[in-house]
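Residue-level listing of the chains:
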Amino acid sequence: MKVHWTENAIEHLVNIYEYIALNSPTYAKRFVDKVTRRSEQIVDHPLSGRKVPEYDAEDIRELIEKPYRIIYRIKLNQIDVLAVIHGSRLLPDDI
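Report on the accompanying structure.

Calculation notes
- Residues numbered from 1 in each chain as written.
- Predicted model: local features only at pLDDT ≥ 70, side-chain atom pairs only at ≥ 80, totals over all residues.
- Heavy atoms only, no water.
- Helix = DSSP H or I, 4+ residues; strand = E, 2+ residues; numbered from the N terminus.
- Polar contact = N/O pair within 3.5 Å; in protein donor to acceptor, adjacent residues only side chain to side chain.
- Contact = heavy atoms within 4.5 Å.
- Buried < 20%, exposed > 50% of the residue type's maximum accessible area, 1.4 Å probe, protein only.
- Arc of directions from axis to C-beta.
- Core = buried A, V, L, I, M, F, W, Y, C linked by side-chain atoms within 4.5 Å.
- Salt bridge = Lys/Arg side-chain N within 4 Å of Asp/Glu carboxyl O.

1. Quick word on the side chain of arginine 61
So, step 1. Along the chain, arginine 61 turns up in strand E3 (residues 60–65).
So, step 2. Only 2.5 Å separates the side chain of arginine 61 from the side chain of glutamate 58, close enough to count as a polar contact.
So, step 3. When residues no more than four places from it in sequence are discounted, the contact partners of arginine 61 are Pro46, Leu47, Gly49, Arg50, Lys51, Val52, Ile70, Ile71, Tyr72 and Ile74.

Right, dumping it as structure tokens:
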């Protein structure tokens, strides 16, 4: 199984990087590295994230990398990272 980052999730990560980099490019890079490394844990343990309460679907889960939520969907042969959302933001009705 492999982790696939959707265009939406990549865009979120780029936006997070750009925002943090306004004050610290070094910290921005570290944070993006931390999030991407964290997403790799789901290759071996796809059910390690909790179900996303807003969707109540068994295949949509999340990991928390404070203050962000890494939202992903478990598929047969891959895991799609759908979004990286700040914990204070509301999730859209569909991802």
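Once the structure has been displayed, the description carries forward.
2. Some details on helix H2 (residues 25–44)
So, step 1. Of the residues making up H2, those classed as buried are Ala28, Phe31, Val32, Val35, Ser39 and Ile42. Looking down the long axis of H2, one finds its buried residues gathered within 95° of arc, a one-sided arrangement. Exposed residues on H2 whose side chains face more than 90 degrees from its buried face are Arg30, Arg37 and Asp44.

3. Quick notes on the nonpolar core
Nonpolar side chains tend toward joint burial in soluble globular proteins.
So, step 1. Formed by 20 residues in total, the largest nonpolar core has its most connected members in Trp5, Ile16, Phe31, Val35, Ile42, Tyr72 and Val81.
So, step 2. Mapped by element, the contributors of at least two residues to this core are strand E1 (2–5), helix H1 (7–21), H2, strand E4 (68–74) and strand E5 (78–86).
So, step 3. Tyr55, Ile60, Ile85 and Leu91 belong to the second largest nonpolar core, which has 8 residues in total.

4. Describing the environment of arginine 89
So, step 1. By the secondary structure assignment, arginine 89 is in the segment after E5.
So, step 2. Along the sequence, arginine 89 and glycine 49 sit 40 residues apart, while their C-alpha atoms lie 19 Å from each other.

5. Observations regarding the pattern of salt bridges
So, step 1. Counted under the stated rule, the structure contains 11 salt bridges.
So, step 2. Aspartate 56 is the partner of lysine 51 in a salt bridge, and the nearest nitrogen-oxygen pair spans 3.6 Å.
So, step 3. The class for lysine 51 is partly exposed, based on a relative accessible area of 33%.
So, step 4. As a salt-bridge pair, glutamate 58 and lysine 51 come within 3.7 Å of each other at their nearest N and O atoms.

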